[in-house]
Amino acid sequence: MYFDLNVSSPAHIDLLIHLGYTVIALNQTIQGKYDPKKHKNTLADVPSRPGIVFLKRLTIILDADSEKGFNLTSSHSAFFAGYDILALVPTTQATLSAACLTHTLPSALTTHVISIPLTLPRLPFHLKHTLIRTALKNGAVFEIPYAGAISDSNEKRHWWASARELVRVTKGKGIIVSSGAQELGELRAPRDIANLVSLLGMPQDAAHTSLTKEPKSLVLRAQTRKTYRAVLSEPTVVIPEGWQPPQSQSQPAQPTQAQESAPGQESSQPNKKRAREENQPQQTQEGGGGEKKKKKRKKDKGGGGASSTGTS
């Protein structure tokens, strides 16, 4: 399943389907600031094709006048709710900081795509690691429109330099690749784009992921705008009819073998102590009688010696 989340014209749909794309996002662009009197949703009628998923995307190009605000507020949430994906194109350092730090936080107006203008002669801001990491941590992705690599030679040179810088800062993570083409001749097949992006320093598997897994996870996260902080509903327990809890039958606990042997062992210990105490006096008595016999024998020997001397 291949994704192209930046299709500028419905006239490109037939060719994209022929090239193998199955998820297509039609894009509407607003310059600078949203004005409810001027801007209307032009993607109300999205064509339907069997086996093809069509999405609606709104891209706001942030210029110097947008630093004070571009009306991406809750008061206009009804208008922005008609789009599946919200994207920002920062053109100054202040708008890049606002896009990465503020508008990527979970809310009903979260912007999940930050598209970098790669065809400018020079990037209008410095890609700081702290800003990029914060945006990636909040769930945003950075977009590389590959149409700049196929267009005019001057824009092509700028595109290669800026795209390599973006891949270097992001380390190839959190990047999606889309067409952003204005003409049919700028569209390419997914495998050709994967080979093109691999020349920027991305591994082959990461280049393939930028057309498949990364856009898919982006679309799933973008759906959470309709349910703030991805809270869907409170779970409830459904008990089927006729179900009864199992009845617990109380049975007397049977003593184990260890418990049965324990009382016997305890009762035998005092008996052994008593037997030892009874044997001790007998031994002392026997020992005392033996000493008396020894003394008598010594006296007898002494008396016998005296009598023998007297007779002599």
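Residues numbered from 1 in each chain as written. Predicted model: local features only at pLDDT ≥ 70, side-chain atom pairs only at ≥ 80, totals over all residues. Heavy atoms only, no water.

Participant: What am I meant to see in the overall build of the protein chain here?
Facilitator: When helices and strands are counted, the protein chain shows 9 helices and 7 strands. For the protein chain, the proportion of its 312 residues judged to be buried stands at 37%. Across the protein chain, every contact between residues at least 6 apart in sequence was considered, and the portion connecting residues at least 24 apart equals 75%. Split by element, the accessible area of the protein chain, about 19,400 Å² in all, is 52% carbon and sulfur. (Helix = DSSP H or I, 4+ residues; strand = E, 2+ residues; numbered from the N terminus. Buried < 20%, exposed > 50% of the residue type's maximum accessible area, 1.4 Å probe, protein only. Contact = heavy atoms within 4.5 Å. Areas by Shrake-Rupley, 256 points an atom, 1.4 Å probe, with all protein chains shown as cover.)

Participant: Is there a simple way to explain the environment of H126 in this structure?
Facilitator: Mapped onto the secondary structure, H126 falls in the loop between β5 (113-115) and α4 (129-137). Separated by 39 residues in sequence, H126 and E165 have C-alpha atoms that sit 10.0 Å apart. Setting aside its immediate chain neighbours within four residues, H126 contacts Q93 and L96.

Participant: What is the right way to look at the side chain of T212 in this model?
Facilitator: Looking at where T212 falls in the secondary structure, it is placed in the loop between α7 (204-209) and α8 (213-222). Filtering out sequence-adjacent residues up to four positions away, T212 remains in contact with M1, Y2 and F3.

Participant: Whenever I open this one, the packing of aromatic side chains confuses me. Can you help?
Facilitator: In this description, a pair of aromatic rings is defined by centroid distance and the angle of the planes. Per the stated rule, a full pass over the model turns up 5 aromatic pairs. Where F79 meets F80, the ring centres are 5.4 Å apart and the plane angle is 75 degrees; that geometry is what we call edge-to-face. Like F80, F79 is buried. Summarising the aromatic geometry, the rings of F79 and Y83 are spaced 5.5 Å apart at their centres and angled 65 degrees between planes, so their arrangement reads as edge-to-face. Residue classification places Y83 among the buried positions, given a relative accessible area of 0%. (Phe/Tyr/Trp six-rings, centres within 6.5 Å; stacked < 30°, edge-to-face > 60°.)

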